[in-house]
Amino acid sequence: MLKCRQVPEQAEKLLAGDLGWRERLSLRMHLLICGYCRRYMRQLKLLLRSVPFLHGPASDDEVDKVITRVQCDRESHHH
Amino acid sequence: MVAAFDEDASFVAALREGDQHAFSQLVRHHHRALLAVARGLVGESEAEEVVQLAWIKAHRALPTFEGRSALRTWLSRIVINEARMQLRSRRREVFLEDLAVEGDDALADRFAASGHWAQPPHRWQEDSPEALLTAEQLRDCLERLMREMPDNQRLLLEMRDAGGIDFDEICNTLSISASNARVLLHRARSRLFRLVDHYEETGEC
C-alpha cells in the first residue's frame with residue numbers, strides 16, 4: 001500500500017508519464033482515500049504551472065537591446 | 001503581476017509574418033527565463049551574449065516556426081544549442097560540476113515515521129499562477145530561494161519546468177542519468193513547494 005511519504009515522488013513521475021499501470025493504479029487508489037495527498041497533488045500542479053512565470057517580464061532596456069541586435073543582423077543580411 | 005500572455009494562433013501568425021510589435025512582446029515575455037537557462041549552462045559572463053545570439057537565430061527562424069512545441073520550449077532549445085556551440089568553440093563541455101544532491105528533501109520532515117503526513121500541506125487560497133504570483137513578497141521570496149538553490153537543482157528546474165525541455169534532452173545536454181535528473185528536479189520542486197506552503201500558512205516566508 002502506498003504511503004503519503006511516497007506520494008510526492010510518485011506524483012512527479014505520474015505527471016512526467018513515467019508510471020506503469022500498477023503504480024498509476026496504486027497512486028489513484030491512494031488519492032481516492034487521502035484528502036491531504038489530493039491537496040498536495042492539486043497544489044503541486046499549480047506550482048508547476050507557475051514556474052514559467054517566476055522570472056517576470058524583461059525591462060524596456062532589455063527588450064530594446066535585443067531588438068537593436070536583431071535589426072543589425074537583418075540589415076547586414078540584406079546588404 | 002504575472003503578465004497575461006496569450007500564445008494564440010493570431011499571435012503566432014503575426015510572429016511568422018514578421019510583426020515587430022509581436023516580436024517585442026515575445027522578447028519581453030521570455031528573455032529573463034532564457035537568460036536563466038543560459039546562465040546555468042555557460043555561466044554569468046557569457047549568458048547574455050548566448051541569449052542575444054539565440055534571439056537573432058530565433059528571429060530568422062520564426063517564419064518557419066510550426067508550432068509543434070510551445071514558443072518557450074522552442075526558444076529554450078535555441079538557447080541550449082547556442083550555449084553548446086559557444087562551449088564547443090572554447091573546447092569546454094556542459095557538465096554539472098557537482099552532481100551531489102545537497103541537503104535533505106525539503107518535505108522529508110513533514111511525514112511521520114508511519115509514512116503519513118505529520119504536517120499536511122495547507123490549503124492554498126489561489127487557483128491560478130496569476131493569482132499565486134500576485135503577492136510581491138512571495139515573488140521576492142521565490143526569487144531569493146532560486147538564487148540560493150544549489151546550481152544543479154536550479155538548472156534542472158529552469159530547463160524542465162520553466163523551459164519545457166523534455167527529460168531525455170536534458171539528460172543528453174547535461175550528460176547525467178535520468179534518475180539523477182529526477183532526484184535533482186524533485187529536490188528543487190520540494191523547496192519551492194515548502195516555501196509557498198509556509199507563505200500560505202503564515203503570510204510571510
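Remember, it's a predicted structure, so these values are computed and weren't measured experimentally.

Check the secondary structure of chain B and you find nine helices and zero strands. Summarising its shape, the C-alpha atoms of chain B cover approximately 55 × 40 × 30 Å along the three principal directions. For chain B, the proportion of its 205 residues judged to be buried stands at 36%. Here the analysis covers contacts within chain B between residues at least 6 apart in sequence; of these, 73% occur between residues at least 24 apart.

Helix and strand counts for chain A come out as four helices and zero strands. For 79 residues, the compact-globule estimate of 2.2 N^0.38 gives 12 Å, and chain A exceeds it by more than 25% at 22 Å. Taken along the three principal axes of its C-alpha coordinates, chain A extends 70 × 25 × 15 Å. Taken over 79 residues, chain A has a buried fraction of 27%.

On the chain B side, the residues contacting the 32 residues of chain A number 40 residues. Contributions of two or more residues to the side of chain A that touches chain B are made by helix 1 (7-15), helix 3 (35-50) and helix 4 (60-78) of chain A. For the side of chain A that touches chain B, the element with the highest residue contribution is helix 3 of chain A, accounting for 10 residues. Here the residues of the side of chain A that touches chain B are counted per class, giving 19 nonpolar, four polar and nine charged.

Attention now goes to the nonpolar core. Residues and elements named next belong to chain B. Residues Leu34, Val37, Ala38, Val50, Val51, Val79 and Leu156 are the most contacted members of the largest nonpolar core, which totals 61 residues. Counting the residues that make up this core, at least three belong to each of domain 1 (9-89) and domain 2 (108-202). With residues up to four places along the chain from it excluded, the contact list for Val50 reads Ala38, Val42, Val79, Glu82, Ala83 and Gln86.

Our next topic: unusual backbone geometry. Residues and elements named next belong to chain B. If you check the backbone angles, Ser175 has positive phi at about 50° while not being a glycine. Position of Ser175 among the secondary structure elements: in the loop between helix 8 (167-174) and helix 9 (178-202). On the basis of neighbour counts, which here come to 11 C-beta atoms within 10 Å, the residue Ser175 falls in the exposed class.

The pLDDT averaged across chain B works out to 90; a share of 92% of its residues lies at or above 70. This complex was scored by the predictor with a pTM of 0.90 and an ipTM of 0.91.

The subject of this paragraph is the domain arrangement of chain B. Residue and element names in this part refer to chain B. Entries for chain B in the domain assignment read domain 1 (9-89) and domain 2 (108-202). Each side of the interface is counted separately: domain 1 has 10 residues, and domain 2 has 10 residues. Listing elements by their share of the side of domain 1 that touches domain 2, those giving two or more residues are helix 2 (20-42) and helix 4 (71-89). Ranked by residue count, the leading element in the side of domain 1 that touches domain 2 is helix 4, at five residues. Of the residues contributing to the side of domain 1 that touches domain 2, the split by class is five nonpolar, three polar and two charged.

Assignment of secondary structure puts Arg189 of chain B in helix 9. The class for Arg189 of chain B is buried, based on 24 C-beta atoms found within 10 Å.

Across chain A, the average pLDDT comes to 94, with 97% of residues at or above 70. The least confident element of chain A is helix 4 of chain A, whose mean pLDDT is 91; the most confident is helix 3 of chain A, at 97.

This brings us to the environment of Arg39 of chain B. Residues and elements named next belong to chain B. Checked against the element boundaries, Arg39 lands in helix 2. Judged by C-beta crowding, with 21 C-beta atoms within 10 Å, Arg39 ranks as buried. As for Arg39 and Leu155, which are separated by 116 residues in sequence, their C-alpha atoms are 8.6 Å apart. Those residues in contact with Arg39 that lie beyond four places of it in its chain are Glu44 and Ala47.

Reading the values: the criteria
- Residues numbered from 1 in each chain as written.
- Chains lettered and ligands numbered in written order.
- Predicted model: local features only at pLDDT ≥ 70, side-chain atom pairs only at ≥ 80, totals over all residues.
- Helix = DSSP H or I, 4+ residues; strand = E, 2+ residues; numbered from the N terminus.
- Buried ≥ 20, exposed ≤ 12 C-beta atoms within 10 Å, placed from the backbone.
- Contact = placed C-beta atoms within 7 Å.
- Rg over C-alpha atoms; globule rule 2.2 N^0.38 Å.
- Nonpolar A, V, L, I, M, F, W, Y, C, P; charged D, E, K, R; others polar.
- Core = buried A, V, L, I, M, F, W, Y, C linked by C-beta atoms within 7 Å.
- Domains from an automatic or database assignment.
- pLDDT = per-residue confidence, 0-100.

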